[in-house]
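The lines below spell out each chain.
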Amino acid sequence: MAHPCLSVPEVLGLIFDSLSQKELLSASLTCNNFLEPALDKLWHTVPAFKPLISCLPAHLLETRIVGENFKFKAVVDIFAILRLIRTVKAPKPWKPKTYETILSAELIQVLELVTHRQPGVFSPLISKLEWAPEPWEIAAYAFPGYSLYLGPNIENLLFGIHTNEPTHLASLRYVLNRLPTLKTIEIKDKSYSAMKGVPFVHQCGYLTSLPWEHLESITITSVPAIAIPRLSSLPNLIAICLHDPEIPPLYTRGGLGDETPFLSNGRRFRSLRSVEIHTSSSFTEAIGFLQHLHPTNQVRSIAVWSSCSDENVPFFYATNARLLLDTIHHHLNPDTLRMLEICHLTEEYFEIVDTLELYSCDVDISPMLKFANLETVEIGLEYGVWLTPALAKLIPKSWPKIESLYLRSYLEEFPVPCIDHTHILSIAHGCRSLRTLRLCFNAEQVAAEDGRDSAAQYASRGRDGEGGPRSRLKTLVVGPCSPIGSSSSVTSFLVAHFPDLECLGCESSENLEPGKHTELWEEVRQAIRGRNGA
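Residues numbered from 1 in each chain as written. Predicted model: local features only at pLDDT ≥ 70, side-chain atom pairs only at ≥ 80, totals over all residues. Heavy atoms only, no water.

Participant: Please set out the overall build of the protein chain residue by residue, giving values where relevant.
Facilitator: Scanning the protein chain for helices and strands turns up 19 helices and 18 strands. For the protein chain, the proportion of its 534 residues judged to be buried stands at 49%. Counted over contacts in the protein chain with a minimum sequence separation of 6, partners at least 24 positions apart contribute 77%. About 25,200 Å² of surface is accessible on the protein chain, with carbon and sulfur atoms providing 53% of the total. (Helix = DSSP H or I, 4+ residues; strand = E, 2+ residues; numbered from the N terminus. Buried < 20%, exposed > 50% of the residue type's maximum accessible area, 1.4 Å probe, protein only. Contact = heavy atoms within 4.5 Å. Areas by Shrake-Rupley, 256 points an atom, 1.4 Å probe, with all protein chains shown as cover.)

In structure tokens:
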């Protein structure tokens, strides 16, 4: 006899949450009490068409092989399907992502005929749909049947299309017109036109025509400037993610101070909390979007990633980086901003030999010091985030709530870092909440006495003793351009000053051959790891 607890739906739900698909199937066949709860979990997420096809009588379908890997299920006996399909219980939420087995055009027509073309008949309770057929060669076969899964309760939609395919565009219009209560939408455009920067949203016109009063999050490619008024007026829009937006800057002059022209008003993007921008240019389009924000906005996090691989002189890149920081300085709200990420990601490596040229391209991050509520800062620029001793001293006072700090240059020809271990101490002890620190610094001057003297000092100090706050740093990552003199001295120094240190990371570079510094930092890393019993 089963234990009484196994009759409680909440208990069964917790048990079935931890089971695999195969185990859920076994559980559903165990007893009547397990049947419905196990089937609910089993059909909660369906990653392909195959399980759905398995609900239909196998002897009424035949398999046709297309290419090397793809199978179509076609109709053998249309009239038998018409009789039996009416008794098939529709599964619950699902998200078709893989297409090893898909429905043929014949079978789709039969299913639409028998269901009177009722949308969502195969998944009436669905709340999330991911429709991104891959590979794209098979998308033309999959798209005709998408309406069978377009239930009335969908709130989250991922839709993958080729915008140079009229069928895909028409499907997108149909979907969005049927789902005015969407809360989250992600539209992936893999077409050639999108990569060339042709804004398909302008072709569709849906950004300016649909109500979307409930929309909270949108991810989209190639948004044009004419869509900004509509996006900015959405009352519940909390998060926006843009890929290669087509939004030119409103102004290009940096350092405007109080004369910065705020062309937007405070009611634009009034609910926006998160901004994420991916651009293949050197921050130009990101600057254009951010300049539409009024400084009274409520944005809490901003992330800008550039993958520009233009081999122009670095002065142009540095100019845009400075303008980006200047734009953030004037258009983001210091009272609300908590997270800032700016990274230049590129697979290409630009060799610059002249050190003077490097310094002339240095990007000053001091405009970011006005954001006193920042908790996470990650700034990695191709041509110079060069942390000076003066700037290092300002960080504890400017960012008292910082928890994770990452400042790194991806360029390896920089000279020895300007800051040393004393500046690392100043930052780590001054920022009481700091847990993760990733910097390049000069550790050549660390002496054995720096660790021994501090060890005695900290031994008599509590968590926060009379001698000042004790650092709570848990992770330290040193950049590939961090010279080191003695591994034993540095180990003693780190153990004494950072007693909570759990992990020491040593960033490497494909452009630098492993040398003495790399080997010494590895020795320190192993010593810290051994101390923690790893």
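Participant: Describe the environment of Met-368, listing the residues and the values that go with them.
Facilitator: Along the chain, Met-368 falls in the loop between α14 (355-360) and β12 (376-381). For the pair formed by Met-368 and Trp-399, sequence separation is 31 residues and the distance between their alpha carbons is 9.5 Å. Once you skip the residues sitting within four places of it in the chain, Met-368 turns out to touch Leu-325, Ile-328, His-329, Leu-340, Leu-374, Ile-379 and Trp-399.

Participant: I'd like a rundown of the packing of aromatic side chains, residues and numbers included.
Facilitator: Counting across every chain of the model gives four aromatic pairs. On the basis of an interplanar angle of 80 degrees and a centroid distance of 5.6 Å, the ring pair of Phe-16 and Phe-34 is categorised as edge-to-face. Residue Phe-16 is located in helix α1 (residues 9-17), and its partner Phe-34 is located in helix α3 (residues 32-42); the two are separated by 18 residues in the primary sequence. By relative accessible area, Phe-34 is classed as buried at 15%. Above the ring of Tyr-406, the side-chain terminus of Arg-438 is found at 3.7 Å from the ring centroid. (Phe/Tyr/Trp six-rings, centres within 6.5 Å; stacked < 30°, edge-to-face > 60°. Lys NZ or Arg CZ within 6 Å of the ring centre and 35° of its normal.)

Participant: I'd love a proper account of the pairing of strand β18 (residues 503-506), names of residues and values included.
Facilitator: Direction of pairing for strand β17 (residues 475-478) relative to β18: parallel, over a ladder of four bridges. Pairing of Val-477 across the sheet is with Gly-505, part of β18. The β-α-β motif built from β17, the intervening helix α18 (residues 487-497) and the parallel element β18 has right-handed crossover chirality. (Pairing = 2+ DSSP bridges. Right-handed = clockwise from strand over helix to strand, strands pointing away.)

Participant: Pulling in residues and values, what's your account of the packing of helix α15 (residues 389-398) against helix α16 (residues 421-430)?
Facilitator: The contact between α15 and α16 brings their axes to 8 Å, and the two run at 15 degrees. Classed by the angle they form, the pair α15 and α16 counts as roughly parallel. In terms of crossing hand, the pair formed by α15 and α16 is left-handed. Along its contact with α15, which presents Pro-389, Ala-392, Ile-395 and Pro-396, the element α16 presents His-423, Ser-426, Ile-427 and Gly-430. Classifying every residue of the contact of α15 with α16 by side-chain character gives five nonpolar, three polar and no charged. (Axes fitted to C-alpha atoms, helices over the stretch in contact; angles between N-to-C directions. Parallel < 35°, antiparallel > 145°, perpendicular 65-115°, else oblique. Left-handed = near helix turned anticlockwise from the far one by under 90°. Nonpolar A, V, L, I, M, F, W, Y, C, P; charged D, E, K, R; others polar.)

Participant: Mind laying out helix α6 (residues 105-114), listing which residues take part and the relevant values?
Facilitator: Within the span of α6, buried status applies to Leu-107, Ile-108, Val-110, Leu-111, Glu-112 and Val-114. Among the residues trailing α6, His-116 stands out with phi positive, at a value near 55 degrees.

Participant: Give me the lowdown on unusual backbone geometry, citing residues and values where you can.
Facilitator: Positive phi values are uncommon outside glycine, yet Asp-244 reaches one of about 50 degrees. Its location among the elements puts Asp-244 in the loop between β8 (239-243) and β9 (274-279). Here Asp-244 falls in the partly exposed class, since its relative accessible area comes to 25%. Although it is not a glycine, Phe-269 sits at a positive phi angle of roughly 50 degrees. With respect to the helices and strands, the residue Phe-269 is situated in the loop between β8 and β9. For Phe-269, a relative accessible area of 2% puts it in the buried group.

Participant: So what about the nonpolar core? Which residues, and what values?
Facilitator: In this structure, Phe-289, Ile-328, Leu-405, Leu-407, Ile-427 and Leu-494 are the most contacted members of the largest nonpolar core, which totals 102 residues. At six residues, helix α13 (residues 314-331) tops the list of elements feeding residues into this core. Discounting residues that sit within four places of it in the chain, Leu-405 has contacts with Val-377, Ile-395, Trp-399, Ile-427, Leu-434, Thr-436, Leu-437 and Arg-438. Leu-12, Leu-24, Phe-34 and Trp-43 belong to the second largest nonpolar core, which has eight residues in total. (Core = buried A, V, L, I, M, F, W, Y, C linked by side-chain atoms within 4.5 Å.)

Participant: Residue-level account of the pattern of salt bridges, with values.
Facilitator: Within this structure, the stated rule accounts for six salt bridges. For Lys-41, the salt bridge is made with Asp-17, and the minimal N-O distance between the two is 2.7 Å. Highlighted residues: Lys-41 in helix α3 and Asp-17 in helix α1, separated in sequence by 24 residues. The residue Arg-230 makes a salt bridge to Glu-213 at a minimum N-O spacing of 3.8 Å. (Salt bridge = Lys/Arg side-chain N within 4 Å of Asp/Glu carboxyl O.)

Participant: I'd like to hear about a nonpolar patch on the surface, residue by residue, with values.
Facilitator: Together, Val-8, Val-11 and Ile-15 make up a nonpolar patch on the protein surface, roughly 180 Å² of accessible area in all. Among the secondary structure elements, Ile-15 is positioned in helix α1. The exposure class assigned to Ile-15 is partly exposed, which follows from its relative accessible area of 35%. (Patch = residues over 30% accessible without salt bridge, like charges linked within 9 Å, V, L, I, M, F, W, Y side chains within 5 Å.)

Participant: Lay out α1 in plain terms, naming residues and giving numbers.
Facilitator: Looking only at α1, the buried set comprises Leu-12, Gly-13 and Phe-16. Angularly, the buried residues of α1 cover 105 degrees about the axis, an arc narrow enough to put them on a single face. In this structure, α1 carries Glu-10, Leu-14 and Asp-17 as exposed residues pointing more than 90 degrees from its buried face. Elements in contact with the buried residues of α1: α2 (21-28) and α3. (Arc of directions from axis to C-beta.)

Participant: Pulling in residues and values, what's your account of the side chain of Ser-482?
Facilitator: Position of Ser-482 relative to the elements: it lies in the loop between β17 and α18. A relative accessible area of 2% means that Ser-482 is categorised as buried. For Ser-482, the side chain forms a polar contact with the main-chain nitrogen of Phe-441, separated by 3.1 Å. Not counting chain neighbours up to four residues away, the residues in contact with Ser-482 comprise Leu-439, Cys-440, Phe-441, His-517 and Trp-521. (Polar contact = N/O pair within 3.5 Å; in protein donor to acceptor, adjacent residues only side chain to side chain.)

Participant: So what's going on with the confidence of the model for the protein chain? Residues and values would help.
Facilitator: Taken residue by residue, the protein chain gives an average pLDDT of 75. The fraction at 70 or more is 67%. The secondary-structure element of the protein chain with the lowest mean pLDDT is α14, recorded at 42, while β8 shows the highest, at 95. For residues 192-200, every residue scores under 50 in pLDDT, and the model assigns this stretch 22 contacts once sequence neighbours within four places are set aside. Across residues 254-258, where pLDDT falls below 50, the model places eight contacts with residues more than four positions away in sequence or in other chains. (pLDDT = per-residue confidence, 0-100.)

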